[in-house]
Amino acid sequence: MPSPFTDPFDPQRALTSGCTCGQHESQRQHDDALESDAVLRKAESAGTGFGDSLRAEDSAGDEDLIGRTVESAVMRAIFPDDIKRRAFLGAVGATTAAAAIAAVFPLGAAKALAAEKTGPLEKTKLKIGFVPITCATPIIMAHPMGFYRKYGLDVDIIKTAGWAVSRDKSLSGEYDAAHMLTPMPLAITLGVGSPTVPWTMPAVENINGQAITLHKKHKDKRDPRQWKGMKFAVPFDYSMHNFLLRYYVAEHGLDPDRDIQIRVLPPPEMVANLRAENVDGYLAPDPFNQRAVYDGIGFIHLLTKDIWDGHPCCAFAASKQFVTENPNTFLALFKAIIDATAYSSNKENRKEVAKAISPRNYLNQPETVVRQVLTGTFADGLGNIRRVPDRIDFSPFPWHSMAVWILTQMKRWGYIKGDIDYRKVAEEVFLATGAKKVMAEMGLDAPNETYQSYTIMGKTFDPAKAEAYVKSFAITRAS
Amino acid sequence: MEESKSRHALALSALLLALFLGGWQLAISGGGGPVPDMDPEYAALMGDIAKGGSALPSPLDVAKEMWRHISDPFYDKGPNDKGIGIQLAYSLTRVLIGFLIATLVAIPLGFLIGMSPLFYRALDPFIQILKPISPLAWMPLALYTIKDSDISSVFVIFICSIWPMLMNTAFGVASVRRDWLNVAKTLEVGRLRTAFRVILPAAAPTIMTGMRIALAIAWLVIVAAEMLVGGTGVGYFVWNEWNNLSITNIICAILFIGLVGMALDQALHGLSKLVTYTE
């Protein structure tokens with residue numbers, strides 16, 4: 001998947017702007033933007049919450065866009081000749097160019113000056129919960145690397161012991177927003193394994209980035225058919241980990257409820273349990289897969305990207321109440337998260353991000369471990385060094401089709417019973433339309449559709465035929 | 001004579017400690033040597049343990065780490081990284097608040113139960129059921145209903161430390177010598193005055209014992225509760241280091257928890273000396 005984040009330092013970028021206002025690449029995009037503006041304005045006058053919140057800061061201008069405009073203005077001032085500038089960028093690379101210019105020109109100060117205007121925030125002191133795993137990278141690194149501050153927010157990010165606690169602290173209002181697993185906002189909204197509270201998921205945090213780790217003693221059991229009777233751990237019932245592990249073993253003919261045992265363990269406790277042979281393996285978030293390798297306890301059997309390339313995992317979530325009561329704060333927070341996600345997505349920044357999130361205040365892990373996860377150059381525990389640059393990636397767009405897939409699996413394994421309107425729930429919880437608007441505003445590429453099909457282990461999922469998809473599995477709990 | 005005895009005990013303690021540390025050191029150094037034939041590039045990605053290092057730190061490692069904690073106990077590097085002094089202070093505050101509330105409830109209630117056989121029988125089944133419940137079983141319920149993790153931890157301390165105090169107070173009050181009560185009755189002392197001037201001093205040593213047990217339980221519970229809820233406190237510190245599999249820091253935390261627990265117990269022991277009497 002190409003990164004949705006455009007970059008002023010990209011030597012391949014089109015030289016001329018093709019529309020009348022100069023901000024869009026073609027006249028058609030310009031017209032589209034005007035149209036969506038009109039739609040949102042209508043939504044605003046109708047008084048819908050999210051439309052409001054998305055509109056509110058529009059006139060105040062967008063810092064990131066301004067930042068890029070300033071950068072680009074400086075670039076153009078230094079190299080007025082288009083062809084020469086492009087040759088220079090191509091020759092030295094964007095990062096070097098940015099660094100070289102920053103050395104002679106105070107880029108940061110220029111950006112800050114240009115972006116001084118911000119909307120009135122209802123609340124500037126926020127508490128955000130996170131579970132210490134690399135999936136939460138954007139939420140975490142936004143703190144040490146100043147992304148929250150940039151949007152006028154004073155955020156405390158609080159480490160949480162597991163998702164049950166995180167859910168309870170979010171429900172009680174102790175956290176304003178939290179790092180959750182993508183199925184959790186759906187489950188909370190439906191009242192599955194939780195009281196029914198309308199929840200929203202404005203952005204996905206990461207795609208891929210999980211793995212199945214097995215204890216060293218199972219080195220020879222690389223075929224899941226040999227796993228009968230083994231004990232596995234997943235971080236939470238309502239997690240992609242649980243659904244992917246179930247899907248994976250079921251595709252290999254094992255019934256996840258009868259042939260293996262799946263238990264819930266908070267991620268930080270997984271390595272200790274694997275060491276004690278309390279579990280035989282787990283499908284878990286990193287850094288705990290890599291940590292098991294690092295300590296010589298286990299090996300990485302499979303990266304989840306080989307089950308479903310581009311699957312969502314963790315999310316940034318907040319209650320609907322928070323979003324409607326604090327539209328400006330929410331928008332600022334949302335932008336900070338998207339900005340941080342864009343930064344984390346850039347592979348050139350990964351080492352720096354690994355360094356920022358490893359200390360005790362955040363992940364509390366050896367930097368080597370976190371770096372192996374984020375750069376994708378890692379030891380697999382079997383003596384090989386693997387190079388998988390997209391082992392984990394960060395992409396904020398909350399596809400409705402992802403929600404529908406999750407709901408089909410919840411139905412398949414009996415977490416939800418009876419009829420369900422997949423699209424309605426998906427569209428209520430995953431704020432894809434809002435995300436699209438904000439991403440476009442920030443100069444990022446957002447897709448036009450919110451539904452797409454996926455191929456998962458060779459089987460096609462079409463979000464339009466969700467119910468048929470649930471019925472198509474041989475191993476299922478749905479009646 | 002007394003002095004030489006305590007000197008002997010001290011020497012024996014020191015000897016036991018030396019034996020323990022020596023055994024520890026010996027057990028560590030017995031670990032396997034470096035794993036041969038590891039590709040250096042691969043080895044760079046692996047931890048010490050995978051390379052054949054010991055999974056347990058040596059006593060010296062722990063001593064060094066202890067010193068690092070003691071020399072800078074009050075640093076504050078953000079909400080998830082505070083010095084051990086601050087963490088202990090958080091835990092102590094929670095324990096003392098929970099314990100204080102439990103005392104305020106348990107002692108009057110215990111008095112009532114001890115003085116009235118009717119109440120004793122009526123409340124007995126509840127006490128018997130509630131007493132053996134593990135503190136952590138209360139936690140999800142507390143979090144869900146109280147909706148505040150700090151107050152939930154205090155509640156768990158309260159609910160766990162109330163039972164020993166309640167039982168001991170009731171027992172102490174019930175077993176005040178009949179003679180003393182009869183003397184009070186003969187002298188026509190009022191009920192309230194009897195309670196404060198006769199029963200309370202007579203039952204005080206038993207009550208103090210109950211308080212000591214309760215405080216010890218409270219200190220046990222707080223570590224577990226904080227591990228579950230996270231955020232701050234010495235329990236969170238242990239959890240955070242478990243997360244990092246840092247055995248050195250976990251051992252340090254164990255020592256700190258033990259030392260503070262001992263200090264708490266000694267403080268109440270000092271208090272109980274004030275109320276003991278010989279018949």
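Worth saying up front: this structure is predicted, and the values here are computed from it rather than measured.

### Looking at the overall build of chain A
And step 1. Each helix and strand in chain A was counted, giving 21 helices and 16 strands.
And step 2. Restricting the contact set of chain A to residue pairs at least 6 apart, pairs at least 24 apart contribute 76%.
And step 3. Of the roughly 18,200 Å² that chain A leaves accessible, carbon and sulfur atoms contribute 51%.

### A few points about the interface of chain A and chain B
And step 1. Chain A puts 43 residues into the contact, and the matching count from chain B is 38 residues.
And step 2. For the pairing of chain A and chain B, the buried interface totals around 3,200 Å² over both sides, and the portion due to carbon and sulfur atoms is 53%.
And step 3. Among the residues of chain A in contact with chain B, K159, R360 and N361 of chain A are the three that bury the most area, contributing 20% of the side total.
And step 4. Across the contact surface, chain A and chain B share one salt bridge.
And step 5. For R360 of chain A, the salt bridge is made with E241 of chain B, and the minimal N-O distance between the two is 2.9 Å.

### With respect to unusual backbone geometry
Residue and element names in this part refer to chain A.
And step 1. Cis geometry is found at the peptide bond from D286 to P287, where omega equals 15 degrees.
And step 2. Secondary-structure assignment places P287 in the loop between β9 (281-285) and α13 (288-294).
And step 3. Of note, N364 is a non-glycine position whose phi angle comes to about 60 degrees, a positive value.
And step 4. Counting through the fold element by element, N364 comes out in the loop between α16 (350-357) and α17 (367-375).

### Concerning the pattern of salt bridges
Any two side chains of opposite charge can pair if their charged atoms end up close together.
All names here are of chain A.
And step 1. Across all of its chains, the model carries 29 salt bridges over all chains by this definition.
And step 2. One salt bridge connects R291 with D295, and the closest N-O pair in it is separated by 3.2 Å. Per residue, the accessibility class of R291 equals that of D295, and both read buried.
And step 3. E467 is the salt-bridge partner of K411, the closest N and O atoms lying 3.1 Å from each other. With a gap of 56 residues between them, K411 in helix α18 (residues 400-412) and E467 in helix α21 (residues 466-471) connect regions that are remote in the sequence.
And step 4. Several salt bridges share partner residues, and in doing so they unite R246, D255, D257, R258 and R477 into one network.

### Brief notes about the confidence of the model for chain A
And step 1. With 75% of its residues at a pLDDT of at least 70, chain A reaches an overall mean of 79.
And step 2. Long-range and interchain partners of residues 38-61 of chain A, a stretch whose pLDDT sits below 50, account for 35 contacts in this model, where long-range means more than four residues apart.

### Here we look at the pairing of strand β10 (residues 298-303) of chain A
All names here are of chain A.
And step 1. Counting buried positions over the six residues of β10 gives six, a clear majority of the element.
And step 2. Where strand β6 (residues 210-215) and β10 come together, five bridges link them in antiparallel fashion. From the neighbouring strand, H215 faces β10, where its bridge partner is G298.

### Observations concerning the packing of α16 of chain A against α17 of chain A
Residue and element names in this part refer to chain A.
And step 1. Across the interface, α16 lies against α17 with an axial gap of 9 Å and an inter-helix angle of 145 degrees. Both α16 and α17 take part in a crossing whose hand is right-handed. Seen from α16, the contacting residues are R350, K351, V353, A354, K355 and I357; seen from α17, they are E367, V370, R371, L374 and T375.
And step 2. Here the residues of the contact of α16 with α17 are counted per class, giving five nonpolar, one polar and five charged.

### Comments concerning the sheet that holds β9 of chain A
Residues and elements named next belong to chain A.
And step 1. In spatial order, the strands read β8-β7-β9-β6-β10; together these five strands make up an open sheet with mixed pairing. The sheet is open, and its two borders are formed by β8 (261-264) and β10, each paired with just one other strand. Each neighbouring strand pair of the sheet contributes to a mean axis angle of 25 degrees, computed without reference to strand direction.

### Focus on the packing of aromatic side chains
For any pair of aromatic rings, the description consists of the separation of the ring centres together with the inter-plane angle of the planes.
And step 1. Under the definition given, this model contains 18 aromatic pairs over all chains.
And step 2. Pairing Y469 of chain A with F473 of chain A gives two aromatic rings, centres 4.9 Å apart and planes at 80 degrees, and the pair type is edge-to-face.
And step 3. Y469 of chain A sits in the buried class, given a relative accessible area of 4%.
And step 4. Ring geometry for F20 of chain B against W24 of chain B: centres 6.0 Å apart, planes inclined by 50 degrees, an arrangement best described as tilted. In this pair, F20 of chain B and W24 of chain B are both assigned in helix α1 (residues 2-29), four residues apart and thus about one turn of the helix distant.

### Examining a nonpolar patch on the surface
All names here are of chain B.
And step 1. Where nonpolar side chains cluster on the molecular surface, the patch consists of I97, I101, L104, V105, L109, L112 and F119 and spans about 580 Å² of accessible area.
And step 2. Among the elements that take part in the nonpolar patch, helix α4 (residues 84-115) stands out by supplying six residues, more than any other.
And step 3. Looking at the secondary structure, you find L112 in helix α4.

Definitions and limits used
- Residues numbered from 1 in each chain as written.
- Chains lettered and ligands numbered in written order.
- Predicted model: local features only at pLDDT ≥ 70, side-chain atom pairs only at ≥ 80, totals over all residues.
- Heavy atoms only, no water.
- Helix = DSSP H or I, 4+ residues; strand = E, 2+ residues; numbered from the N terminus.
- Contact = heavy atoms within 4.5 Å.
- Areas by Shrake-Rupley, 256 points an atom, 1.4 Å probe, with all protein chains shown as cover.
- Buried area = accessible area lost by both parts, 1.4 Å probe.
- Salt bridge = Lys/Arg side-chain N within 4 Å of Asp/Glu carboxyl O.
- Buried < 20%, exposed > 50% of the residue type's maximum accessible area, 1.4 Å probe, protein only.
- pLDDT = per-residue confidence, 0-100.
- Pairing = 2+ DSSP bridges.
- Axes fitted to C-alpha atoms, helices over the stretch in contact; angles between N-to-C directions.
- Left-handed = near helix turned anticlockwise from the far one by under 90°.
- Nonpolar A, V, L, I, M, F, W, Y, C, P; charged D, E, K, R; others polar.
- Phe/Tyr/Trp six-rings, centres within 6.5 Å; stacked < 30°, edge-to-face > 60°.
- Patch = residues over 30% accessible without salt bridge, like charges linked within 9 Å, V, L, I, M, F, W, Y side chains within 5 Å.

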